[in-house]
There are 2 protein chains.
Amino acid sequence: MKPGPRRSISQADIVDAAFEIFEEKGGDAVSIRGVAARLGLTPTAMYTYFTSKNALQRAMVEQVFSGLDLAAASDPSVAWRTRLRTLAADLRARFAEHPGAVVLVASGPLDGRQALTFGETLLEGFTSGGMPLADAARATAAVRAYVLGAITLDAAAAGADAEAADAPSPLWTEATQHPLTEAAELLGGDDAFATGLDRLLDGFGLPPVA
Amino acid sequence: MKPGPRRSISQADIVDAAFEIFEEKGGDAVSIRGVAARLGLTPTAMYTYFTSKNALQRAMVEQVFSGLDLAAASDPSVAWRTRLRTLAADLRARFAEHPGAVVLVASGPLDGRQALTFGETLLEGFTSGGMPLADAARATAAVRAYVLGAITLDAAAAGADAEAADAPSPLWTEATQHPLTEAAELLGGDDAFATGLDRLLDGFGLPPVA
DNA sequence: ACCTGAACACCGTTCAAGT
DNA sequence: ACCTGAACACCGTTCAAGT
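For clarity, every value in this text was computed on a predicted model and none was experimentally measured. (Residues numbered from 1 in each chain as written. Chains lettered and ligands numbered in written order. Predicted model: local features only at pLDDT ≥ 70, side-chain atom pairs only at ≥ 80, totals over all residues. Heavy atoms only, no water.)

1. Structural notes on the protein's contact with DNA strand C
In step 1: Near DNA strand C, the surroundings consist of 13 residues, among which A:R33, A:T44, A:Y47, A:K53 and B:T42 are the closest.
In step 2: Within 4 Å of the protein, the contacting atoms of DNA strand C are 49% sugar and phosphate, with bases supplying the remainder.
In step 3: Taking A:R33, its side chain carries an N or O atom lying 2.5 Å from a base nitrogen of DNA strand C.
In step 4: Within the backbone of A:K53, an N or O atom sits 2.9 Å from a phosphate oxygen of DNA strand C.
In step 5: Where the surface near DNA strand C is concerned, the elements lending two or more residues are α2 (32-38) of chain A together with α3 (43-46) of chain B.
In step 6: Of the residues that constitute the surface near DNA strand C, the class distribution is four nonpolar, six polar and three charged. (Near = heavy atom within 4 Å. Polar contact = N/O pair within 3.5 Å; in protein donor to acceptor, adjacent residues only side chain to side chain. Helix = DSSP H or I, 4+ residues; strand = E, 2+ residues; numbered from the N terminus. Nonpolar A, V, L, I, M, F, W, Y, C, P; charged D, E, K, R; others polar.)

Structure follows, in structure tokens:
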């Protein structure tokens, strides 16, 4: 079963292997050495494909963005607000599948091809409704910030839950100093992400949709 | 000048030392061993103060939040929108002082005392204007997401600039596939952060301010 | 209680050398 | 061009032992 002389391996194979380790053992466990071992390579060989660990991490971020259906987001036969809702929800869902990958976004510039095209799609959508470019730029920046921030808070909370699961549960809890926060939590609000986005779009004067 | 038998060191001293290394050598260079060395301690002694590196990182996040003037943000004699603008700008400024600390926010739950009080202050502000708690909860979540996301994008961009400075400048650049993005960048828009926040608040029906 | 010393099981990255 | 082996300078964390 021993393979013949190894031909090669693609950058995509490496990114996939990295995500596998990510899912199995968490984000901190993704190492050049570990990924190399999984692929039957020497750590040194990895530097043939990526110049550094950071470069690999940025490729991972790109892969998350690359799953977005940007074609659908550009379809002018659907109201822009509707398309944007879908696009934002998709991005959120993709990061929810890779909890922990959010940290990678914060650790480097969002300047990959896919990430840039994502921004371009937003600008195109806003201007297509007649919004001046300067305003569309602000709307795009705001939407990017809102979506990324919401995703980050999701991931941070998911990490908290994971930790709490194997932590000893306290026998008593401090009387809360945050009564409103506690009351608000009981209200649930699963649609908070969508609602916030819609309010933001309202603020930018985007017409409502049926 | 040799000190007498070492009495001890506070958790705050350790957090300060960690930030010093952060500023000097970047976020990746902050290590338990490095912080210990700076304080004249053995790495093992660090575990007397923090149970893990993660615990230290969360304390660093708390320290960034602890500089906020939450008292001013609760002053009812000023319009809530005005107070919120100031609070958001302050938080952004504090993270701009510690570029790279943003990653730490994403790497764990935002459940420190200061961070929770920050959220409580937002809820209080929104409800004080007569907004129902359920709506205030959504507005709070949206503002937290927007501010955190904007700060994250700031930090990521700052990291990009820092890298670009010592990278070889390319002799030629690919023709851009993103004409709108390029055109939008020329428009600048230094007030994008404030504008986006105001539009978000507009969307949530917060009354405008003089 | 607080600290040290030694050790375990890892890291990212570089460099000379092989084919 | 792509890969290996050996090495450098580090990591976080644990454990037994000292005072």
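2. Focus on the packing of helix α11 (residues 192-203) of chain A against helix α11 (residues 192-203) of chain B
In step 1: Close contact between α11(A) and α11(B) brings their axes to 7 Å; oriented N to C, the two are set at 105°. Here α11(A) is positioned roughly perpendicular relative to α11(B), judged by the angle of their axes. Between α11(A) and α11(B), the contacting residues are A:G196, A:R199, A:L200, A:D202 and A:G203 on the first element and B:G196, B:R199, B:L200, B:D202 and B:G203 on the second. (Axes fitted to C-alpha atoms, helices over the stretch in contact; angles between N-to-C directions. Parallel < 35°, antiparallel > 145°, perpendicular 65-115°, else oblique. Contact = heavy atoms within 4.5 Å.)

3. What about helix α8 (residues 113-128) of chain A?
In step 1: Compared with the 22 Å implied by 1.5 Å per residue over 16 residues, the 22 Å span of α8(A) between its first and last C-alpha is a close match.
In step 2: Residues A:A115, A:F118, A:G119, A:E120, A:T121, A:L122, A:L123, A:G125 and A:F126 constitute the buried set of α8(A). (Expected span 1.5 Å × (residues − 1). Buried < 20%, exposed > 50% of the residue type's maximum accessible area, 1.4 Å probe, protein only.)

4. Some details on the interface of chain B and chain A
In step 1: Contact residues are listed per partner, giving 49 residues for chain B and 49 residues for chain A.
In step 2: Between chain B and chain A, the buried area comes to about 4,100 Å², and carbon and sulfur atoms account for 72% of it.
In step 3: Taken together, the links from chain B to chain A amount to two salt bridges.
In step 4: The residue A:D191 makes a salt bridge to B:R138 at a minimum N-O spacing of 3.0 Å.
In step 5: The tally of links from chain B across to chain A stands at two residue pairs in polar contact (both at pLDDT 80 or more).
In step 6: Among the secondary structure elements, those contributing two or more residues to the side of chain B that touches chain A are α7 (102-106), α8 (113-128), α9 (133-165), α10 (179-186) and α11 of chain B. (Buried area = accessible area lost by both parts, 1.4 Å probe. Salt bridge = Lys/Arg side-chain N within 4 Å of Asp/Glu carboxyl O.)

5. Points about helix α4 (residues 53-66) of chain A
In step 1: With 14 residues, α4(A) ought to run about 20 Å at 1.5 Å a step, and its terminal C-alpha atoms sit 20 Å apart, in line with that.
In step 2: Taken together, the buried residues of α4(A) touch α1 (11-25), α2, α6 (80-97), α7 (102-106) and α8 of chain A.

6. Some words on the relation of the copies chain B and chain A
In step 1: When chain B is brought onto chain A, the operation consists of a screw motion whose angular component is 180° and whose axial shift is 0.0 Å, with 0.0 Å RMSD remaining. Such values leave the two copies arranged in the relation of a two-fold axis.
In step 2: Most of the interface of chain B is mirrored in chain A: 100% of its interface residues are interface residues there too. (Least-squares fit on C-alpha atoms with pLDDT ≥ 70 in both.)

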